[in-house]
Amino acid sequence: MVVDSNLVDSIEAGPKSKRRLASRAPRERRGKPVGRYQLVVHVSGDVTQVAILEGRSLVEHYVSRASDNQNSISGNIYLGRVANVLPGMEAAFVDIGTNKNAVLYRGDVRFDRDDLESFDRSVRIEQLLRPKQVVVCQVVKNPIAQKGARLTQEVSIPGRLAVLLPGGGSFGISKRLPDDERKRLRRILEEVSPEGFGVILRTAAEGASRDELQRDVARLVETWRRIEEMAQSQHAPALLYQEPASAVRVIREEFNREFRSVVIDDRSLYEEVLAYVSAISPELSDRVEYFDPVAEKISLFNRYHVHEQLHKVLDHKVWLPSGGSIVIDRTEALTVIDVNTSKNVGTVSLEETIHRNNLEAVEEIARQLRLRDIGGIIVIDFVDMMEAQNREDVMRAFRAALNRDKTKSHVYEMTQLGLVQLTRHRISEGLVEALSETCPSCGGSGYIVDTKLLS
């Protein structure tokens, strides 16, 4: 692995210089709301990096390049043309204008029963799709490695507070909201839901007024009307709707009253984000700030110590506060995480030392999964605990830590060997891959073969 130095600038700062940087951190302005999170956006050339900080700790990081738009297409809506149908795979390959054809599985095909001569649950994909057929579809997963993008015909258009489901009659409210708030929003939803559309209210809708929700839904309906008009006039393959820039997309997904501020070091992007926030959440527009690196005489990511933390993300080993450690190994099939006591010798007993070490590990593992955006199958090897109560404590703490992650994951019970298996929804290539490229010397294997011994 070769690290892209343009994305992770090296910082060799001693204790004095670190104190000097910390002392120059922006102070809270009088009357400015204090939140748990801060969103920092750094633009350099065609690369945009978005960092989410919880306090001073980096919890999420996104990288997007203008030259990578071909690969970053999740959420885009296309007018595609079916290239071929594979009954044995229960899938169809669809040409959407990208380098590789995207795949549309049988379960993601939308159809009208009246269009079929006969219908039952076993209807096959070759009855629904045929080569050269034109379909409107949405990308739900970016192309990764040799795999093309994954599509669905169940189109959804996300907004700040709501998600619009064209042609669907389903309604929903985020389960993360308290019951009283869900009841209030359900009453409003019955009033603002447009006919012929389904609507899902997001977690960000908490505390939103009826006017705010109606304004957001109306804007989404107008967006869908424009998509429909383009689908009638364009020739497949064609892009009908493109997700906004990464910074705007993250703000749409994340930004709420829990964020203290959004700090951006690019003037044009700052104005774009400010206009977007002012339109959808005017009460939060004063939290969007412009950072001038020339006037401040320091880069934005250095000011908030993001680069320092990114260097640690690239490490194979992550140290825990008490001296323990976790080691993260990624393979094509799965990710393995090994928990060790390392320098943690404890003070009470071996069982207590291991118990506390594992409790520290679950918090850090949940953070690393979120920060590195690790998806797929994950296996964690905890240090063996003898007492069943301690194992239950660790699993309870692990599930609580994962609940703070918006990406879906499913955790299985700990085995007798101390192994925990979980799956986490794979959305992107991962942070390590975004910040690096395959080593040209070893090809990514991590070692160089001595050819003299093999000749």
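Everything that follows concerns the structure shown earlier in this document.
Caption draft 1: Quick peek at the nonpolar core. Leu-164, Leu-201 and Leu-213 are the most contacted members of the largest nonpolar core, which totals 30 residues. Looking at this core, the elements that each hand over two or more residues are strand E5 (77-86), strand E11 (162-166), helix H3 (179-192), strand E13 (197-201), helix H4 (210-233) and strand E14 (238-241). Setting aside residues no more than four positions away along its own chain, Leu-164 makes contact with Val-155, Ser-156, Ile-157, Pro-194, Phe-197, Gly-198, Val-199, Leu-220, Val-221 and Trp-224. Formed by 27 residues, the second largest nonpolar core is a distinct cluster that contains Ile-326, Val-339, Leu-369 and Leu-422.

Caption draft 2: A look at the packing of helix H5 (residues 246-254) against helix H6 (residues 267-280). The geometry of H5 relative to H6 is characterised by a closest axis approach of 10 Å and an angle of 30° between their N-to-C directions. As the angle between them shows, H5 and H6 are arranged roughly parallel. Considering only the axes of H5 and H6, their crossing is right-handed. Residues Ala-247, Val-248, Ile-251 and Arg-252 of H5 lie in contact with H6, whose contacting residues are Leu-269, Glu-272, Val-273, Tyr-276 and Val-277. Of the residues belonging to the contact of H5 with H6, the class tally is seven nonpolar, no polar and two charged.

Caption draft 3: View of H4. With 24 residues, H4 extends 35 Å from end C-alpha to end C-alpha; this agrees with the ideal 34 Å at 1.5 Å per step. Where H4 is concerned, the buried positions are Glu-212, Leu-213, Asp-216, Val-217, Leu-220, Val-221, Thr-223, Trp-224, Ile-227 and Ala-231.

Caption draft 4: Representation of the sheet that holds strand E21 (residues 409-411) within the structure. Across the sheet, which stays open at both edges, the six strands sit in the order E17-E18-E19-E20-E22-E21 with mixed pairing between neighbours. Taken across any chain shown, the strands that pair with only one partner, and hence form the sheet edges, are strand E17 (317-319) and E21. Strand-to-strand twist across the sheet, computed as the mean angle between neighbouring axes with direction ignored, equals 20°. Here strand E18 (residues 325-330) runs beside strand E19 (residues 334-340); their pairing, made up of six bridges, is antiparallel. Of the residues in E19, the one forming a bridge with Asp-329 is Val-336. Taken strand by strand, helix H11 (residues 388-402) contacts strand E20 (376-381), E21 and strand E22 (419-424), and its axis lies near 175° from that of E21.

Caption draft 5: Focus on the packing of aromatic side chains. This model, assessed by the stated rule, comprises four aromatic pairs. Taking 6.0 Å as the distance between ring centres and 70° as the angle between the ring planes, the aromatic pair formed by Phe-255 and Phe-259 counts as edge-to-face. Between the aromatic rings of Phe-382 and Phe-398, the centroid separation amounts to 6.4 Å while the plane-to-plane angle is 75°, which identifies the pairing as edge-to-face. Placement of the pair is Phe-382 in the loop between E20 and H11 and Phe-398 in helix H11, with a sequence separation of 16 residues. Residue class for Phe-382 comes out buried when judged on its relative accessible area of 2%. Taking relative accessible area as the criterion, Phe-398 reaches 0% and is therefore assigned buried. Among the aromatic residues, those joined into a ring-pair cluster are Tyr-37, Phe-255 and Phe-259. Against the face of Tyr-290 rests Arg-267, its NZ or CZ located 4.0 Å from the ring centre. Geometry around Trp-319 places Lys-343 over its ring, the cationic atom sitting 4.8 Å from the centre.

About the cut-offs
Residues numbered from 1 in each chain as written. Predicted model: local features only at pLDDT ≥ 70, side-chain atom pairs only at ≥ 80, totals over all residues. Heavy atoms only, no water. Core = buried A, V, L, I, M, F, W, Y, C linked by side-chain atoms within 4.5 Å. Buried < 20%, exposed > 50% of the residue type's maximum accessible area, 1.4 Å probe, protein only. Helix = DSSP H or I, 4+ residues; strand = E, 2+ residues; numbered from the N terminus. Contact = heavy atoms within 4.5 Å. Axes fitted to C-alpha atoms, helices over the stretch in contact; angles between N-to-C directions. Parallel < 35°, antiparallel > 145°, perpendicular 65-115°, else oblique. Left-handed = near helix turned anticlockwise from the far one by under 90°. Nonpolar A, V, L, I, M, F, W, Y, C, P; charged D, E, K, R; others polar. Expected span 1.5 Å × (residues − 1). Pairing = 2+ DSSP bridges. Phe/Tyr/Trp six-rings, centres within 6.5 Å; stacked < 30°, edge-to-face > 60°. Lys NZ or Arg CZ within 6 Å of the ring centre and 35° of its normal.

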